[in-house]
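Reading the structure
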2 protein chains.
Amino acid sequence: MSKNEQDFVKEVTPMEEDFARWYTDIVIKTDMVDYSPVRGCMVIKPYGYGVWEGIVSELDKRLKETGHKNAYFPLLIPESHLSAEKDHFEGFAPEVLWVTQGGSEELTERLFIRPTSETIILPMYSKWVQSYRDLPILINQWCNVVRWEKTTRPFLRTAEFLWQEGHTLHATADEAEEETLKILEIYRQLLEDELAMPVILGVKSDKEKFAGADRTYTMEAMMHDGKALQAGTSHNLGQNFAKMFDVLFLDRDSVRKHAWSTSWAITTRLIGGIIMTHGDNRGLKMPPKVAPIQVVVLPIAFHKEGVLDKAYEIKKELGKKFRVEIDARDEYSAGWKFNYWEMKGVPLRLEVGPRDIEKNQVMVVRRDTLEKFAIPMDGLNERIDELLIDIQKNMFEMALKNREEKIFITNDYDEIINLMKENKGFVKTMWCDDVECENKLKADTSATIRCIPLEQEDLGDTCPMCGKEAKHMIVLGKAY
Amino acid sequence: MSKNEQDFVKEVTPMEEDFARWYTDIVIKTDMVDYSPVRGCMVIKPYGYGVWEGIVSELDKRLKETGHKNAYFPLLIPESHLSAEKDHFEGFAPEVLWVTQGGSEELTERLFIRPTSETIILPMYSKWVQSYRDLPILINQWCNVVRWEKTTRPFLRTAEFLWQEGHTLHATADEAEEETLKILEIYRQLLEDELAMPVILGVKSDKEKFAGADRTYTMEAMMHDGKALQAGTSHNLGQNFAKMFDVLFLDRDSVRKHAWSTSWAITTRLIGGIIMTHGDNRGLKMPPKVAPIQVVVLPIAFHKEGVLDKAYEIKKELGKKFRVEIDARDEYSAGWKFNYWEMKGVPLRLEVGPRDIEKNQVMVVRRDTLEKFAIPMDGLNERIDELLIDIQKNMFEMALKNREEKIFITNDYDEIINLMKENKGFVKTMWCDDVECENKLKADTSATIRCIPLEQEDLGDTCPMCGKEAKHMIVLGKAY
C-alpha cells in the first residue's frame, strides 16, 4: 500500500471552499497525474492516461470516417521556419524552447520544439502539391507539443502536453471554411456525446484568435465553478501560411494559386475539463463512454464461501463488453473501498455478498446519483448497458443544467462588472466589434469574450461598453 | 496528380544491383516517408504511418492483456538525472540534444530530450513505491525519442523516431527476469504472427548490451539481402537504475530493498524491417495483418454501365470486415494502376469489369505470388478472408526460407571471414565469451555477434577466433 493510498480516504478540500485546491487534491489523490521534476511538466499516470486513450479512440474514429489520415512530422523545427510567418512568430516565440547543442557540439542552426506544427507541415505540403488533383490534403497528427509557460496546472496548462493537430489544404476558400466547420461539429459531438460536456460554439474575436489565422472557431465549456474552458479550436488559416511557405497549386483554370489551409486541435486539457465539469466533493465522476473503468466489482464478506468466485465470474462475464475491475484487496474495509471507487469516479459499483448470491442478485450503486438498488443476475449485461447509457445522459443533463443556471443575460455594464466580480458564470450581452471595448471589458472585469456564438440572439441594439451600435451577441467569462 | 505519382511507375533500382538504393527508392515512391528539413528527421506519411498504427494496435492489445498499462512521462529531462547513472550516461551523452533556452531566457538547468526514459521514470517510481504491495509496476509509454545520430536512413535509423518503451518494477530478481522474457515472447509473436518476420531470440554480448542493463535480450531478423536487423530488445536492468535513483521498497521480511527493473522497446524501424524482409523489385509486400490497405478494388472499363456501381458495392461490403480502397481515378490506365498498387504492396487486388459482372465474379491478384484467378461474388467475404490468411502464412514461410538459405554453419575462421566479406548472410559458430575475440571478429569482418541464441546448438568445442574452449553458440551478421 502506497502512501497515496493510505491517505486516500481523507477528505479533499470542498469545492465551495476552494475550487482550485479541490481540483489539485482530486487529480493527485485519484492517481490521474503527478508532478515531475521538470518545470511545468506532468506525468500522466495510467488512470489519467486511460481517459486520454478513450478520447483518442473516439475522435480518431470520427476523423477517419470523414477521410482524415494520420501522419507524423518532426518534433524539431529549424529557426528559419518560425521567423517566416511574422504574426505566428510573435505569438509563439516567447514560449518556445530552443535546442542549441547536439552531444557536445553547437548546432549550426538552432531548432525549436514544436508548440504547434504549421511551420513544419506547410513547407512539406509545398513539396507534395502541384495540382488541384492533389487536393484536398486531410492529415492529422497525434503528438506532444511544448509551450514554455510560466504558470501551469495539471492537464489545464502544462509546458508539455499531448494533442492532435489536424492540418488540411484546400483548393478554394469555401472548402477550407467548410472543413473548419465540419471539424468544429466533430469536436462538438466528441464533447457532448462522449465526454458529456455541453459546449457553446462560436468565433473568437480578432484579439483572441490563433496567431496567423483568418478566423478561429472555438467550443467553450463551462466548468462547475462557472469559469470557461476553451475546449477545442478549429482555425481557418486562409492563404496566410501557404503564402509564407509557397504552397502553390495549378488550378483547373491553369492558374497557379496559393492553397487554403486549416488547422485544429484538442488536447489533454480535456481531461481537466471532464474533472471540473462533472466532479463533486466525493471526487471524480467519469462519463461512462471514456471511463477507464466503467464498472468495479466489490466482493463483500469475501472470506465466505463462493463470494470471490461469484465476483470473478461476474467480472469475466461483464468484461466481454465493458471495462471492468475487481477489488479483492483484503487490506481494506468495504467502507474504505466505497470511498476509494467513488473518488475514482467509476460510473457503476457492483457489490456481491453472500445474501446477494442467495437472492441471485447484485447491489448496484450509481456514481452520478449515488442511488443504490438490487438488480437480478439474469440479464446483467443488458441492465448494465442500460444503466451506463442512462448515466451518460444524466451527466450531460446535469452539466447543462449547471451551465444554464450560470448564464446571465444583460446589457447593463455595471451589472456585467458585478456578475464577473462575483464569479457568477457566463454573461450573454452585445458588442460593437471594437477592440477598445474588448480591452476595457478585460481591464474592468478580467473576463474575456469567450466567443461570438454561431447561434446569435438579439439582446439589444447597443454595446454596453460604449453605447454605440451593437454588431454581435457575445459570451463573456473568466477562463482557465 | 503530383510529381511523385507521375514518376511512380518508373523502374526502381533492382535490389540485386543496389539494395540500399532499392530501399530508398521504394520508401519514397510508395509515399511511406519523406525527408524533412531537419537533419536526420523524417516525415512519416499516411501510408507509412498506417503500418505503424497496425503495429501499435496489435502490440498494445497484447501488452494490455498481460496487465500492462499506458502512461506518459515528460519529453525533457534535467541534466542532473542523466549524470546519475554513469554507464548509461556514457552510452547516451554523445547523442542527446540539449535544450538551453526558453523564449529569450537561458534555462537555469539544461534539459535533454529523452533518448530513452529510464532516467525520468525511475525517479518517479521512487515516489510511488513504498512497499512490496505496490509492486509490480507494469507501465508502458508510446512516444517519440531523439538520438542525434550522424548517419541516418528512413525508418532504420533516424534522429527522431517513434516507439513504445515499457518500464517495469519488481520485488525480486526472478520476477524481473520472468518479465523480460515474457516481453521477448510477446515481441516474437508480434513479429512472426503479425509482421510475418521470423526472428532469432537471444542474449546480447556484454559489449553489445544496453547501457546500464544486466542483460539484454534481443530478436534478430534477417533482411532480404542477408543483413541483420535488431528488431526489438528487452532489458533486465537488475537493481542498477533503482540504486541510482533510490527506488526502495519495504519487503515482506521488513527489509528495505532496491527494486528490480526492466525496460523494453520496439520502434518505427520495424516498418523498415517489413519493407526489407518482404519487398521485391515490384515494390512493397505488406503483411495482411498490418497492411494499411488489405484489398484494393479496381473497376475496369468503368465508363461501361454498372461497373462503377458494382465496384463501390464490393468496396462497401468488404469494408465491413477489411481495410479496402477503391481506385476509380480516370486519369490513369488500368496497367498503370496495376503497377501502382503492386508497388504499394497491397495484398489483394480485385478487378471488376463488364465480363466479370456478367459471370458474377471478380478477378483477384495476390501480391505475394502474383497469381491471378477468378472468384465468385457469392461468398466473397469468406474467400477474401481465407486468401489474406494464406498470404500472411506464405509471406512468413518465404521469409523463413530466405533466412534458412542464408545461414551458414562453420567453425573455420577463414570461412567466416570470407562469408562475411561476400555478405552471404548469418553465420552460426562458437565463441569463448572473451571480448578480445569479439573485437577481432569485428575488426576482421565488420560483422558483430548478433546474439547468443536462446536455443543453443553444439557446433564444436573451440572458439574459431582463439582456439580456446567455446562457451556459447553465436549468430554473426552485419547489421543495419
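1. Brief notes about the overall build of chain A
Of regular secondary structure, chain A possesses 15 helices and 23 strands. Overall, the C-alpha framework of chain A stretches about 80 × 55 × 50 Å when taken along its three principal axes. Here chain A holds 480 residues, and the buried ones make up 50% of them. Partitioning the contacts of chain A with sequence separation of at least 6, the portion at a separation of at least 24 is 69%.

2. Concerning the packing of helix 3 (residues 46–65) of chain A against helix 7 (residues 173–194) of chain A
Residue and element names in this part refer to chain A. Helix 7 packs onto helix 3 with a crossing angle of 145 degrees between their chain directions and a minimal axis gap of 10 Å. Of the two possible hands of crossing, helix 3 and helix 7 adopt the one that is right-handed. Contact residues: helix 3 offers Glu-58, Leu-59, Arg-62 and Leu-63, while helix 7 offers Ile-186, Gln-189, Leu-190 and Glu-194. Taken together, the residues that form the contact of helix 3 with helix 7 break down as four nonpolar, one polar and three charged.

3. Focus on the relation of the copies chain A and chain B
Of the two same-sequence chains, chain A is brought onto chain B (RMSD 0.0 Å, axial shift 0.0 Å) by a rotation of 180 degrees. The superposition operator between the copies reduces to a two-fold rotation axis. Taking C-alpha positions as reference, the residue of chain A nearest the rotation axis is Val-99 of chain A, located at 2.1 Å. Interface overlap between copies: 100% of the residues of chain A at the interface are likewise at the interface in chain B, consistent with a symmetric, same-surface contact.

4. Observations regarding the sheet that holds strand 21 (residues 426–431) of chain B
Residue and element names in this part refer to chain B. Pairing within the open sheet is mixed, and its 11 strands lie in the order 3-7-8-14-11-10-9-22-23-21-20. Across the chains shown, the open sheet's two edge strands, defined by having one partner strand only, are strand 3 (69–70) and strand 20 (407–409). By the bridge criterion, eight bridges tie strand 10 (residues 215–222) to strand 11 (residues 228–236) in an arrangement that is antiparallel. The partner of Arg-215 across the bridge, within strand 11, is Asn-236. Contacts between helix 7 (residues 173–194) and the sheet are confined to strand 8 (160–170), strand 9 (199–203), strand 10, strand 11 and strand 14 (260–267), with strand 11 contributing the most and set at about 155 degrees to the helix.

5. What about the sheet that holds strand 15 (residues 295–299) of chain B?
For sheets, the rule is that strands pair by backbone hydrogen bonds, running either parallel or antiparallel. Residues and elements named next belong to chain B. Judged by pairing direction, the sheet is mixed, and its five strands sit side by side in the order 16-15-17-18-19 without closing on themselves. Looking at which strands have only one partner, the edges of the open sheet turn out to be strand 16 (324–326) and strand 19 (372–376). Across the sheet, the axes of successive neighbouring strands diverge by a mean angle of 25 degrees, strand direction being ignored. Bridge count between strand 15 and strand 17 (residues 348–352): five bridges; the pairing is parallel. From the neighbouring strand, Pro-299 faces strand 17, where its bridge partner is Val-352.

Reading the values: the criteria
- Residues numbered from 1 in each chain as written.
- Chains lettered and ligands numbered in written order.
- Predicted model: local features only at pLDDT ≥ 70, side-chain atom pairs only at ≥ 80, totals over all residues.
- Helix = DSSP H or I, 4+ residues; strand = E, 2+ residues; numbered from the N terminus.
- Buried ≥ 20, exposed ≤ 12 C-beta atoms within 10 Å, placed from the backbone.
- Contact = placed C-beta atoms within 7 Å.
- Axes fitted to C-alpha atoms, helices over the stretch in contact; angles between N-to-C directions.
- Left-handed = near helix turned anticlockwise from the far one by under 90°.
- Nonpolar A, V, L, I, M, F, W, Y, C, P; charged D, E, K, R; others polar.
- Least-squares fit on C-alpha atoms with pLDDT ≥ 70 in both.
- Pairing = 2+ DSSP bridges.

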